[in-house]
Every structure is written in structure tokens, then in C-alpha cells.
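Examining the three-dimensional arrangement
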Number of protein chains: 2
Amino acid sequence: MKQIRLGLVGAGVVGSNLLNLLDKKKAEIERLHQIQLQMHAIATRTPSKIAGLTKLSIGTDPLAVANDPNVDILIELMGGTTSALEVVQTALKNGKSVITANKALLSDYGDQIFQLAEEKGKFIGFEAAVAGSIPIIRSLRNGLAACDFEVVCGILNGTTNFILTKMEEENWDYEIALKKAQELGFAEADPTFDVEGIDAAHKISLLASLAFRNKISFRQLSVEGISKLKYIDITACKSLGYRIKLLGIAKKYENGILAKVHPTLIPLKHPLANVMNESNAVFYKSQEADAGMMTGKGAGGTPTASAVLSDIIYYGSKISEGSTKIERNFFPPAQVPTPENNRVRYYLRFSTIDRPGVLSEIARILGKNNISIASVQQKESESEPVNVIVVTHEAKEGDFQKSIQEIDDLKSLIKEKTVAIRLLEHL
Amino acid sequence: MKQIRLGLVGAGVVGSNLLNLLDKKKAEIERLHQIQLQMHAIATRTPSKIAGLTKLSIGTDPLAVANDPNVDILIELMGGTTSALEVVQTALKNGKSVITANKALLSDYGDQIFQLAEEKGKFIGFEAAVAGSIPIIRSLRNGLAACDFEVVCGILNGTTNFILTKMEEENWDYEIALKKAQELGFAEADPTFDVEGIDAAHKISLLASLAFRNKISFRQLSVEGISKLKYIDITACKSLGYRIKLLGIAKKYENGILAKVHPTLIPLKHPLANVMNESNAVFYKSQEADAGMMTGKGAGGTPTASAVLSDIIYYGSKISEGSTKIERNFFPPAQVPTPENNRVRYYLRFSTIDRPGVLSEIARILGKNNISIASVQQKESESEPVNVIVVTHEAKEGDFQKSIQEIDDLKSLIKEKTVAIRLLEHL
């Protein structure tokens, strides 16, 4: 039986769960997959934390693991992009395959890493980098390999989905829900990365590149987070038959592939609307297989470690067979269409002063820009600002941006920046 | 570039869609996967039907394809189990790998086929045999390879899910919905295979064997279909907060793995409850990845053909690399616990005569057998039988069977056989 020697850099929550899983499943993996997984070297910031989990002497220098000639696969669970990049590149240059859960690294430096891996004929596994335990990366590579995708989108960030769920269920405003998420360990002390949609953008750029076999650059994405949402937006949408979710979306148009991240009104009957708490989901539609969806835990120690281990088994098996066939990760860049002419629908919440004529002025500007109103709501209010909520019919994205700017410029009528949320396009 | 020579036996709806897909995607597959797929031989009952789809001379003898020394992979889309078994065995004996969508064949003769494939060191792909375009087989083999499953269950038969959806949405009784499904081509002229749960049983036995890495024999399953359900059951359950779905279920107990097929009351909030029309879904729960679900099209020409093609690409790539590592399909048999002591809940619909004392007699028998009632409903009725609907708390499976028998034996009070549907266990 072929031995596969592993090197682990970074042993926090995911790494220590991985050590546990490897231990627990060693015998079964040998029996089912005919490979012997052998942890050979570990480097982590605080070796004492995992002292009970291994008999190895644990180092603190990840480059030592990347340079260790006796390691076949380097498992990168350090996070961050500076040191991690050097470690991954060193490992590849030394002829190791790499498995990583680091979406930021792959989004920011995917070009260099994927190209180097192809040159060296080595594998890069990143099932754990997108949607945790949901096997979407493997499915895009294999199970769905015959599909021409029209759209791939999903709830890719557990923190924001947890916050949105709690805002609805507990009648909390954004700030309270965020605080609760931080207390429960679902959100970082600095939550920017999650709540502003950057993490979701990393993930959709990776997913979309694989699905469309064209590089979708993270830097080209338009990204909006959830920090501007108020409790009133959640309830108003619910009463209109929608739930707000932060979606990463990549869609094929005649002239290219447009990827973006933004809060989205999803009809309550759509399966994406019912993915709650910290769960993740990936929805796709293809010419061949029509619509499909996968849901599951998007983060957490064991779910993420289980995704890392599935990659170790997969690529370990390939290495044991002497496979030289490298999966494609490095694709030609996609054409990116300008969104101005896309036809979309919007939920608009205007924060206005309480005075006659405000609604007519808003309606006038929308009408002038070819935007017609599907529904309008204004509740009696004791204090300003008054919330005027409009759901529109389909109109051009560019016309919306223009209208919102014009309305926000009415400084005497509008008290706060207009909240504008797109409705889910026909999927 | 390595050429992979394909032989197709059976070119009905799925086969002809596969020929189309192969044609359309040939260039892309060569570019992305570095294999050249070449259809080399075809045999089908009515060659004229696919004359426009290929330049090959089409035969009618599937054994000729299985014996063709120039075929690397035999694709079996004939259906049935008699001729198909001989064809598949012949192909394997001749050193070919086999890809099939034939769940009945694998359920009935899996032992022989999988053992022969292992002996010969050949691949058997059957992604298309279970849940159509949902990549669940590949996921169980790879993406979820690190999971210890507690339960795998799903809506695995599109015909019955379509019928149940229409019964609810159109207020139809079972017979009318079945007729409509037949008109639309969703149900066969003889629908037994689908509506009595046999097709779902084939699929859950295949799924469960892979998930639990223990053979779950189709013959050991208890199987109930949907033909006894009435419109009143659909609406009564809906008003109680449930939707009825035909589930294939395989669950791990301390003393083994129990697999079965039966209609199930699913809370409306559970994601399985919202899989409608002809869609399929597979729900799973594992120690490592917690709960997850995959949904998609479970049948149809292109979705099924896309699953077949994903197998062709996967195993074609393996063959092109000279891989000799055969995936495990042949497992030691699972222990099968007796269900008598399992604690379950039931929806019970009693068809009674309209006379005082009936309910008290039913309640007495249930109570005597340690079954306590959670809710009871009886609507005013102008004619007999009167429907008395009881939802119970948890009790032993064996006590339910005993009670139902005792109640059905009250010939003077009970007009029709009691309809008994299990509630979804905690998943």
C-alpha cells in the first residue's frame, strides 16, 4: 500500500479537527482507498494547543514543512495571504501538491498559484475553501462536468446568513444581530470581511471560474454587503413575500459572464429563501441538468476538516496511482459585460421627511427614468424619517443607479441614503 | 491525446440525448480533459429512430457491442434486467468498463456485476441510475468520502413526487393525478414500478450501500407506495403542518442499518417538504458534515444523459491514465435490525361507520398498546365512511402494527383498511 505523507501548516480549529479525523479514519481509508495517510510534519503558531493530538514534534515554521522533502501533500490551513502565499509557492516549487481552505489566497493570487501548479504538474485541492462541507468543487469538476451553466449562485457566507436569520426571527436590528453572532463565535471581532460581502465574493469568483471554465476575477466583482440593512427591510420584504439573502451570483450573458455579490430579495417559495442560520447553499442552472441546489454546513471545525480530508483522499489516491493528469484551474479570462443594460427589479426604501409631495417627487423621477412601480408602502410614522418602500417592475440597471442618485440629491426631502436591494432574477 | 472508444446499447430518449451531447461537447471535452471520446458501435431496437444522429452503421444486437474488441466503455441504456445482465457481464468479461443508468439491474444483480468488475479490474459507473442529474453517487464516492453517515434519505422517484404535488395543488384524487402523469409522460402505462415504491427502493439500496459502505440488499427493504393515499390525506396533513412525500430512507442504528421506502409526513419547514413536481432530492446527515441536501432533476432525457456523460468523462480520464484503482462497489452485507422496537410516530386515518363509540374503541386499542394520541380530527360527514384522523406521539413500530391489525379486525365499525403513514423521524 502506497504511503502518502502529509504536512500541515496551521492547526487552529480546522487543523486540530483534521488531526482528529485522520486518526479516527486511518484504518477505514486504508481499507477503502488503499492509501496510507501519514502525517509527517506540522507547523503552527502555538504548538502547545495541539500537543495532545499528535506524537510528532510540532514546529512553528511553515516554510520548514514546505521545504521538507518527505512531504507529498502540504495542507495549508494558516489563513491570510502573505505568509500563506510564500508557503504554498514554496511547496509547489518543491514538487508537492497543495490542499487549502484559503479562499482569499486563491482569489487574490490564484493566477500565480494555479499556473505554477500546472507547470509543476501538481494538484491544488480547495473543496474546503468554498461552502465548507458542501461538495460543490468536486461536483463542478466531475459530477456536473457535462453541464453548460447559465447561472451559479449561492449563500456562501454563514455569518451573514446567521445575522439575517436572527434579524427576522428575533426582530433584531443589524447591530444587535451582529453582536450576538460575535458572542457565539459566528462573526469575527472585525466583521468587515464577512458583512461587506468580501468573503462571499472570494467564493463566487472561485465557483464561477470552475463552472464557466473562464477566469472570473475577484477584482472585477461589484460587491455589496448587508451592513446597511435595517430590521424594517427584513419585515417589509417578508410581508411582500420575499426573504433577503446575501447572494454571490455569476450569470452568463450573451456578451460574457457577470459576477457580483449583493443582498437579494428571494421569493419565499424559492429553495434559496429557506436556507437559514449559518447554513450555506449553492444553486445552479444548466442547459443539460436544469436547476439544482446543494445545501449544508458552510463552516465550522469538523465540516471544514471533512472537506479537507475528502481532498486528501482524492488527491492522495491520484498520487498513489502516479497520475499526472492535472485538473484545470487556470482558465482564460471571461469577458465581463457592463451591467447598465441588464433588466432588473428593485426594492427601494426611501427615508423621507414627513411632508406632502415627497412621494410624487420620487414617483416623478422614477417615471422619467423609465422605471414603473409594482407596489408602494408607507406606514404611519410618529417620527422622521418616514420609510417609503417601493418595489419596481423590471427596468435597466443604469436607470436605477441614475434615479437613486437623483433622489438622494433631493437633500430637502430625503434624510438618509436610499436602500436599494435587487430582486432575484428569473432563475 | 488518448482516444476512448464508446459502445452504446439502447438508444431511446436518454441514448439519443447522449449522442447529441457527445457531439456538442466533443471539442470542449478534448480541451478540458485531454481525452477524445469516440462513439464506435451502437446497437438499439429501432435503428431508424436515431439514423440522423450518427454516421455509424447501427446494429440491433447489443451482444455484438459487448463483444466488440474496439470498445473501451460499454454504455448500457437498454433497461430491463434479462438481456441487460448478459450484455453487461459479457462486456466486463471482455475487459470493458461499463456505465449504466439501470438501477433495477444493479439492485437485482449488483453482487454478480460488482464482483465481476472487481475481478476484472474494470469500472462500473452509475451516476445516472440514482436521482438523475444530481451528482450524489460521485459525491458519496469523493466529495463526502470523509463522512460517517447517520442517515441518507430522499425523494428518489419523480413520478410519485409529481403525482403527490398535483394531488395537493389541483385538489385531485390519486387516480386522476396518475392519469395526468401518464398523459404527460411522467408515468408508464403500467405504473406499478413507480407508484408502489419499487423504483425508489432500487435507488435507496444503491445509495445506502455506497454511503454506509455495507451492502443494503434491495430484497430486505420494506416497501410501501402511494397508491393507497387519498386526497383527504394530503389536505389533512397540510392542515397539520406536514406534506406527504414518498421517501427512500436508510438509517444507522446501534445494531445495523435499516432501509425502507414509504410515504412520510414531513414538516413543511423541512427542506425535503419543499421539493415539488418531478424533482428529486437526497438528504443526508453525517457526524462530520451535519445535515446537507442536494436537489435537481431526477429523470428526463438531457438530465440523465448529462449524468451518463459525467461518468464517461470521469472513467474515460481514468482509463486514459492507465488507472487500475477500482472504486469499491462490492461491500460486506449490513446487519439489518428488526424494526419492531424503533420508536416512530404515525398519522392514522380510520374509515369508520357513523355510530357512537367508534372513537372510544379506537382510542382504547391504541392506549392498550402504549400509543398515546397527539391530535385527533373528525369532520362532519354526510356519508360513510367517516374519516377519523389521529396523529400519535412516539411509540414502538411493533405496537402500531398490532394496533392497526386489531382495529382493522373490528369489522362492524371499520369500513376500509386503515391508512397509516409514518412521520419523518428527527433528522
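The rules behind the values
- Residues numbered from 1 in each chain as written.
- Chains lettered and ligands numbered in written order.
- Predicted model: local features only at pLDDT ≥ 70, side-chain atom pairs only at ≥ 80, totals over all residues.
- Heavy atoms only, no water.
- Contact = heavy atoms within 4.5 Å.
- Buried area = accessible area lost by both parts, 1.4 Å probe.
- Salt bridge = Lys/Arg side-chain N within 4 Å of Asp/Glu carboxyl O.
- Polar contact = N/O pair within 3.5 Å; in protein donor to acceptor, adjacent residues only side chain to side chain.
- Helix = DSSP H or I, 4+ residues; strand = E, 2+ residues; numbered from the N terminus.
- Nonpolar A, V, L, I, M, F, W, Y, C, P; charged D, E, K, R; others polar.
- Pairing = 2+ DSSP bridges.
- UniProt positions renumbered as here; feature names shortened; annotations may be inferred.
- Patch = residues over 30% accessible without salt bridge, like charges linked within 9 Å, V, L, I, M, F, W, Y side chains within 5 Å.
- Areas by Shrake-Rupley, 256 points an atom, 1.4 Å probe, with all protein chains shown as cover.
- Buried < 20%, exposed > 50% of the residue type's maximum accessible area, 1.4 Å probe, protein only.

What follows concerns the interface of chain B and chain A. Every contact between the two is made by 50 residues of chain B and, on the other side, 50 residues of chain A. Here chain B and chain A share an interface that buries about 3,900 Å² over both sides, 50% of which is from carbon and sulfur atoms. The largest per-residue losses of area from chain B upon contact with chain A belong to Glu288(B), Glu321(B) and Lys325(B), which jointly make up 16% of the total buried on that side. In this structure, the connection of chain B to chain A is made through 14 salt bridges. Put simply, Glu288(A) and Lys24(B) hold a salt bridge, and the shortest N to O gap is 3.1 Å. For the pair chain B and chain A, the interface holds 20 residue pairs in polar contact (both at pLDDT 80 or more). Here the element with the most residues in the side of chain B that touches chain A is helix 11 (residues 301-320) of chain B; it accounts for 10 residues. Of the residues in the side of chain B that touches chain A, the class split is 18 nonpolar, 17 polar and 15 charged. The pairing of strand 11 (residues 290-297) of chain A with strand 11 (residues 290-297) of chain B spans 3 bridges and is antiparallel. Across the sheet, the residue bridging to Met294(A) is Met294(B), located in strand 11 of chain B.

Before going further, it helps to examine the UniProt feature "binding site: NADP(+)" (unreviewed entry) in chain A. All names here are of chain A. In this structure's numbering, the residues bearing the UniProt feature "binding site: NADP(+)" (unreviewed entry) are Val-9, Gly-10, Ala-11, Gly-12, Val-13, Val-14, Gly-15 and Ser-16. Its location among the elements puts Gly-12 in the loop between strand 1 (2-9) and helix 1 (13-33). Take Gly-15: it is sitting in helix 1. Ignoring anything within four residues of it in the chain, the contact list for Gly-15 reads Leu-8, Gly-10 and Leu-77.

Time to look at a nonpolar patch on the surface. Residue and element names in this part refer to chain A. Residues Leu-359, Ile-373 and Val-376 make up a contiguous nonpolar surface patch of roughly 210 Å² in combined accessible area. With respect to the element layout, Leu-359 can be found in helix 12 (residues 358-368). Judged by its relative accessible area of 36%, Leu-359 is partly exposed.

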